[in-house]
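Structural features, examined
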Amino acid sequence: MPGRKFADGEVVMGRWPGSVLYYEVQVASYDDVSHLYTVKYKDGTELALKESDIRSLSSFRHRKSQSSSSSPSRRSTSRSRSRSPGRPAKGRRRSSSQSREHKDDRKKTIQETNLALLVLGFVKLSENNTQSYNGEPDSTERNDTSCIILEQKSKPELDIQRVLEQYSLRPRKEEKKKEEIYSEKKIFETRKTVEKVTPKTKELEFGGRIGTFMMIFFLPATVFYLLLMCKQDDASLLNFPPPLPALESLWEARVFGVFLLWFFLQALFYLLPIGKVVEGLPLSNGRKLQYRINGFYAFILTAAVIGTLLYFQFELHYLYDHFMQFAVSAAVFSVALSIYLYIRSLKAPEEELAPGGNSGYFVYDFFTGHELNPRIGNFDLKYFCELRPGLIGWVVINLAMLLAEMKIHNQSMPSLSMILVNSFQLLYVVDALWNEEAILTTMDITHDGFGFMLAFGDLVWVPFVYSLQALYLVGHPTAISWPVAAAITILNCIGYYIFRSANSQKNNFRRNPADPKLAYLKFIPTATGKGLLVTGWWGFVRHPNYLGDIIMALAWSLPCGFNHILPYFYVIYFICLLVHREARDEHHCKQKYGLAWEKYCQRVPYRIFPYIY
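These numbers come from a predicted model, not from an experiment. (Residues numbered from 1 in each chain as written. Predicted model: local features only at pLDDT ≥ 70, side-chain atom pairs only at ≥ 80, totals over all residues. Heavy atoms only, no water.)

1. Thoughts on the overall build of the chain
Across its full length, the chain holds 22 helices and eleven strands. In the chain, buried positions account for 48% of the 613 residues. At a minimum sequence separation of 6, the contacts of the chain that also span at least 24 residues come to 73%. (Helix = DSSP H or I, 4+ residues; strand = E, 2+ residues; numbered from the N terminus. Buried < 20%, exposed > 50% of the residue type's maximum accessible area, 1.4 Å probe, protein only. Contact = heavy atoms within 4.5 Å.)

2. Thoughts on the environment of G561
Along the chain, G561 falls in the loop between α20 (544-557) and α21 (569-593). Separated by 88 residues in sequence, G561 and L473 have C-alpha atoms that sit 9.7 Å apart. Contacts of G561, omitting those with residues within four sequence positions, involve T478 and Y568.

3. Description of the side chain of T212
Relative to the elements of secondary structure, T212 occurs in helix α7 (residues 208-231). Setting aside anything within four residues of it in sequence, one finds T212 in contact with E205, F206, V363, Y364 and F367.

4. Regarding α21
Taking 1.5 Å of rise per residue, 25 residues should cover 36 Å, and α21 covers 35 Å from first to last C-alpha, within 8% of that figure. Within two residues after α21, G594 carries a phi angle of roughly 60°, on the positive side. (Expected span 1.5 Å × (residues − 1).)

5. A closer look at the nonpolar core
Membership of the largest hydrophobic core comes to 108 residues, with the highest contact counts inside it found for M401 and F464. In terms of residue count, the dominant contributor to this core is helix α13 (residues 381-408) (16 residues). Not counting residues within four places of it along the chain, the set of residues in contact with F464 comprises V223, L227, F323, F326, A327, A330, I397 and L459. One finds L21, V39, Y41 and L49 within the second-largest nonpolar core, a separate group that totals 14 residues. (Core = buried A, V, L, I, M, F, W, Y, C linked by side-chain atoms within 4.5 Å.)

6. Digging into the packing of aromatic side chains
Geometry of an aromatic ring pair is reported as the spacing of the ring centres plus the angle between the planes. In total, this model carries 43 aromatic pairs according to the counting rule given. Consider the rings of Y342 and F366, whose centres lie 6.4 Å apart with planes at 70°: the pair is edge-to-face. Pair noted here: Y342 is in helix α11 (residues 323-345) and F366 is in helix α12 (residues 362-368), with a separation of 24 residues, a long-range link. Residue F366 is classed as buried on the basis of its relative accessible area, which comes to 11%. Taken together, the aromatic side chains of F259, F263, F264, Y270, Y291, F333, F379, Y383 and F384 make up a single cluster linked through ring pairs. Lying across the ring of Y320, K231 places its NZ or CZ 3.8 Å from the centre. (Phe/Tyr/Trp six-rings, centres within 6.5 Å; stacked < 30°, edge-to-face > 60°. Lys NZ or Arg CZ within 6 Å of the ring centre and 35° of its normal.)

7. Some words on the environment of F452
On the secondary structure map, F452 appears in helix α16 (residues 452-465). Of the residues examined, F452 reaches a relative accessible area of 1% and is grouped as buried. Taking C-alpha positions, F452 is 5.0 Å from S338, a pair spaced 114 residues apart along the chain. When neighbours within four sequence positions are excluded, F452 is seen to be in contact with M215, I216, L219, P220, V335, S338, F366, F367 and G457.

8. A look at the pairing of strand β2 (residues 22-31)
Counting buried positions over the ten residues of β2 gives seven, a clear majority of the element. As defined by bridge partners, strand β1 (residues 11-15) adjoins β2 across five bridges and the pair is classed as antiparallel. Pairing of G14 across the sheet is with Y23, part of β2. By the bridge criterion, five bridges tie β2 to strand β3 (residues 36-40) in an arrangement that is antiparallel. Within β3, the position partnered with S29 by the bridge is T38. Adjacent in sequence and paired antiparallel, β2 and β3 are bridged by four residues, among which H35 carries a positive phi angle near 55°. (Pairing = 2+ DSSP bridges.)

9. Section: the sheet that holds β3
The strand order across the open sheet built from five strands is β4-β3-β2-β1-β5, with neighbouring strands paired in antiparallel fashion. Strands at the two margins of the open sheet, each flanked by one partner only, are β4 (46-50) and β5 (54-55).

10. A word on the state of the cysteines
This model, assessed by the stated rule, comprises zero disulfides. A disulfide-free cysteine, C560 has its sulfur positioned 8.7 Å from the sulfur of C230, the nearest such atom. (Disulfide = S-S within 2.5 Å.)

11. Remarks on the pattern of salt bridges
Tallied over the entire structure, the rule returns seven salt bridges. One salt bridge in this structure joins E352 and R287, with 3.9 Å as the shortest N-O distance. One end of the pair, E352, is in the loop between α11 and α12; the other, R287, is in the loop between β6 (276-279) and β7 (290-293), with 65 residues separating them in the sequence. Take E352: its relative accessible area is 28%, and that puts it in the partly exposed class. Among the salt bridges present, the one from D431 reaches R500, with a minimum N-O distance of 2.6 Å. (Salt bridge = Lys/Arg side-chain N within 4 Å of Asp/Glu carboxyl O.)

12. A closer look at unusual backbone geometry
The phi angle at F206 is positive, at roughly 60°, despite the residue not being glycine. In this fold, F206 is placed in the loop between α6 (185-193) and α7.

Below, the structure written as structure tokens:
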């Protein structure tokens with residue numbers, strides 16, 4: 001097995017993917033398995049390069065000294081007989097060795113450019129083949145690529161300068177500013193079309209292997225503890241441990257069958273050919289997956305099904321009576337789904353693995369998710385579970401709790417507190433489904449793999465923990481006055497306005513930065529071709545959408561009163577979750593955007609949690 005050639009910290013010249021350009025980089029690390037070097041550019045961008053794409057500084061300096069008498073641009077016009085200030089006098093001739101080096105140098109430049117164009121041509125053709133599967137490709141784009149390759153093949157010496165200008169394949173010494181090369185749009189389009197191996201995950205979250213192993217057991221235990229406490233007359237957290245039910249009472253085959261029926265009903269709604277089809281953000285290999293946006297239609301169809309069941313006198317509070325059994329069924333199903341996801345990920349291509357779940361450690365990758373976008377045909381498992389079974393199920397559970405409260409307490413109508421909780425959370429779910437396309441730009445879709453963390457979170461944590469306030473009110477009714485209800489409603493509206501407007505600004509800008517409606521927004525350009533907003537909500541504070549989330553979470557809990565802290569568990573959990581997410585986002589953005597992120601932090605110094613990390 002060959003050893004590594006370059007040491008950590010060594011400054012070398014690295015080839016930019018898809019071009020013949022070399023830039024000064026620093027070796028950060030070396031992967032013994034994939035034999036890839038992780039190098040860091042001066043603007044903070046990190047890439048994984050092969051050893052063949054890296055050269056020492058000395059070789060470039062030696063080459064520069066050899067060719068100092070004639071630049072590539074002058075060599076391409078050497079057939080012209082007109083004198084120029086840079087041309088040597090007639091009596092001064094190069095030696096035979098210099099002439100040979102000159103020809104070799106020129107030949108190598110043409111070969112490297114031809115090779116780069118051929119790679120671009122094949123990649124472009126493969127992209128068109130992919131597009132022809134998903135939709136109609138751009139014929140003009142395909143013809144242009146073929147023409148460029150044919151022209152370059154037939155007359156490379158005459159068109160070499162035009163090709164170099166078209167693809168920005170200029171030597172670095174001809175650039176005025178080093179940072180400008182990273183903002184060239186064509187270079188980054190080329191980078192996106194070159195397939196690369198997903199590097200190993202080196203920075204482990206959640207406490208690494210030990211932390212993730214413990215969370216696999218801690219998360220289900222937390223859910224069951226909260227549900228048991230809500231069933232107690234004294235819901236104090238100090239009342240520990242709560243009376244444990246018999247094990248046989250936690251499982252019922254009929255309940256599990258109802259859960260499976262619910263899951264596959266939502267899968268059927270997902271497969272219906274209604275709603276538009278959109279493309280997600282580009283993956284690491286440049287490919288864009290297609291998604292059908294019909295979550296809101298699925299919600300309407302679900303509401304029609306529930307309404308039909310209620311019309312035929314179906315007792316929906318059956319969910320309340322078997323709530324713990326439904327939670328156990330969902331947990332068992334999520335574990336089985338996680339095992340399936342990990343097994344199938346072992347056969348997935350390297351470029352389809354998740355950047356954050358490719359550590360090589362079984363427990364960690366099982367928890368965080370090894371494969372980024374697992375699909376069965378066109379059925380995207382992660383995207384489906386994000387919004388459908390759990391989020392819509394949350395609304396159905398809240399409705400069941402409302403009906404259970406009326407039946408248990410012999411009420412002709414639900415309490416004002418229960419109405420507020422149901423209304424606030426219904427608004428949140430409907431907003432998520434109405435703006436379903438926005439989830440395609442979140443880290444859950446673009447960065448995180450689909451493993452136990454998301455499977456358990458989507459199918460168990462969301463429907464059974466997020467409905468904690470409604471469950472609490474069934475056993476602990478709380479009366480509030482109309483003025484208090486009005487104040488809580490205003491608070492929720494403020495939180496929702498901040499949440500929705502901040503997310504809309506971000507999502508619209510990511511989708512189409514050139515939209516005339518967003519002309520008022522200012523941004524900092526980055527090396528990735530994206531921009532960092534410095535006006536609007538995102539210029540006021542970093543991650544303003546998190547501020548809206550916290551305000552809404554508080555408004556959901558206030559109708560439960562202050563007798564116990566249990567209804568406020570969601571607020572505490574949400575703050576802890578957002579602290580983790582904000583810290584992760586800060587670290588991720590610093591690595592991704594480099595110097596641009598430092599400029600952004602100077603422009604927007606305020607954070608939601610300024611002293612936590």
